[in-house]
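# Structural overview for review
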Amino acid sequence: SDHRLDYPISPAHMDWASHFPAYVDKDPTKTNLSGAKKLVKDVEVVDIGCGFGGLLIGLAGILPNALMVGIEIRPQVLEYVTSRIRALRSQQEKLKAACTNTHTPTPSQSEPIEDPKEHTTANDNNSDMNQSDMSPVEGGYQNISALRSNTMKFLPNFFARHQLSKIFICFPDPHFKARKHKARIISETLNAEYAYVLRPGGLLYTITDVEEYHHWVLKHFKQASTSEDGEDNDGASDTATTGEAGGTETDNNEGQQTGIGELWERVTEEELEKDPCVKVMMEGTEEGKKVTRNKGNKYVAVFRRKADPEWP
Ligand code: SAM
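My aim in this report is to walk through the structure given alongside it, one point at a time. Fair warning: this is a prediction, and the values are worked out from it, not measured in the lab.

What counts as what
Residues numbered from 1 in each chain as written. Predicted model: local features only at pLDDT ≥ 70, side-chain atom pairs only at ≥ 80, totals over all residues. Heavy atoms only, no water. Near = heavy atom within 4 Å. Polar contact = N/O pair within 3.5 Å; in protein donor to acceptor, adjacent residues only side chain to side chain. Areas by Shrake-Rupley, 256 points an atom, 1.4 Å probe, with all protein chains shown as cover. Helix = DSSP H or I, 4+ residues; strand = E, 2+ residues; numbered from the N terminus. Nonpolar A, V, L, I, M, F, W, Y, C, P; charged D, E, K, R; others polar. Salt bridge = Lys/Arg side-chain N within 4 Å of Asp/Glu carboxyl O. Contact = heavy atoms within 4.5 Å. Phe/Tyr/Trp six-rings, centres within 6.5 Å; stacked < 30°, edge-to-face > 60°. Buried < 20%, exposed > 50% of the residue type's maximum accessible area, 1.4 Å probe, protein only. Pairing = 2+ DSSP bridges.

Our focus in this paragraph is the site of the ligand. Surrounding the ligand, one finds 18 residues, the nearest of these being Gly-49, Glu-72, Arg-74, Asn-150 and Thr-285. At 3.3 Å from a nitrogen atom of the ligand is found a main-chain nitrogen or oxygen belonging to Ile-73. Within the backbone of Ser-149, an N or O atom sits 3.4 Å from a nitrogen atom of the ligand. When the free accessible area of the ligand is taken as 590 Å², the share hidden by the protein chains comes to 89%. Within the residue set of the shell around the ligand, elements represented by two or more residues are β2 (67–72), α3 (151–158) and α8 (286–293). Here the residues of the shell around the ligand sort into seven nonpolar, six polar and five charged.

Encoded structure:
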């Protein structure tokens, strides 16, 4: 329960140094309000409910200059993803040493490099979690980390106003029953918090395999996808991509422009096609891979955080 969750009393008290040792400021006098060493840059990307870490690992080399953190509530899952990142960092360091030092044997000649699976503490029944990628990744996975928390309660304890450039919510728990909807990680109240920590121009990415949840997402960002479901219709093109290669069903609604949230605007399909983060979100997460295997649909919606409205 929450009393066992560790969280800082404010973002200025958060100790990020242990998460991102490669980014600790060399000046020892630079400390935060809890006395922890400061980083040379702030965390700016968050994966809410990161699960086993597939998104972070996929994004590490795509956004090598961004510090990214996954937040996960289940302790064993967090332990797993932390071990996985530690193993990947260590692999990369060995690879770097092998490449830069001609006297050092190459990875294949030296002792076997640790398999992240050996660090596994979670009950792993998903073969996709085995990461044995031995190619150099820009940044060497030093830019990703994970922590345990309940994002529904403590997000503003970790991140200051406008700190983040991207938030990902990939395959959130659907909580199908109406009386459980309050447990959903997307709601008007939580969206206001996401708008608080996300900078204007920042993006909030969502993906789900549950069509009803997708409509819930659109509704709670003051948009809806179809004219039949009784919600507002913003005219956005809504694409459900199936797990089968290349298979898509498109529901293109040429509706009237109504009800768009004051703080959010939906990112267009054309823009999403050019965004490599969307591809990772579709194919890189453990849940996304499962949906692909089961030939399920994937519904993507990405929202841009608009500038704060002017005060009268
Ligand atoms: N995003 C991952 C993926 O796509 O593979 C995991 C998806 S899984 C269905 C949802 C994850 O969100 C679970 O690992 C769950 O423990 C986590 N979660 C649910 N509620 C949470 C909360 N309030 N704070 C942090 N994590 C949460």
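Continuing now.
Under the criterion given, the structure shown has twelve salt bridges. Asp-308 is paired through a salt bridge with Arg-161; the nearest N and O atoms lie 2.9 Å apart. Of this pair, Asp-308 sits in the segment after β9 (297–305) while Arg-161 sits in the loop between α3 and β4 (164–170), placing them 147 residues apart in sequence. Glu-283 is the partner of Lys-298 in a salt bridge, and the nearest nitrogen-oxygen pair spans 3.6 Å. In this pair, Lys-298 is assigned in strand β9 and Glu-283 in helix α7 (residues 276–283), connecting sequence segments 15 residues apart. Several salt bridges converge on common partners, so that one network encompasses Arg-161, Arg-305 and Asp-308.

This next bit is on the side chain of Arg-304. Take Arg-304: it is sitting in strand β9. In this structure the side chain of Arg-304 is engaged in a polar contact, spanning 2.3 Å, whose partner is the side chain of Glu-271. Sequence-distant contacts of Arg-304, that is, excluding residues within four places in its chain, are made with Gly-201, Gly-202, Leu-203, Leu-263, Trp-264, Glu-265, Val-267 and Glu-271.

Taken as a whole and judged by the stated rule, the model has eight aromatic pairs. Arranged with centres 3.9 Å apart and planes meeting at 15 degrees, the rings of Tyr-7 and Phe-154 form a pair that is stacked. Of this pair, Tyr-7 sits in the segment before β1 (43–48) while Phe-154 sits in helix α3, placing them 147 residues apart in sequence. A relative accessible area of 39% places Tyr-7 in the partly exposed class.

To continue, consider the side chain of Ser-149. Along the chain, Ser-149 turns up in the loop between β3 (144–148) and α3. Assessed through its relative accessible area of 3%, Ser-149 is described here as buried. Excluding anything up to four places from it in sequence, Ser-149 contacts Leu-5, Ile-71, Glu-72, Ile-73, Phe-154 and Phe-158.

Further remarks concern the pairing of β2. Counted residue by residue, β2 has six buried out of six residues, so it is predominantly covered. Burial along β2 is two-sided: Leu-67, Val-69 and Ile-71 and Met-68, Gly-70 and Glu-72, pointing in opposite directions, are all buried. Relative to β2, β1 is paired through five bridges, and the arrangement is parallel. The residue bridging Ile-48 from the neighbouring strand is Ile-71, located in β2. Summarising the sheet, β2 and β3 pair through five bridges and their orientation is parallel. Paired with Ile-71 across the strands is Leu-147, a residue of β3.

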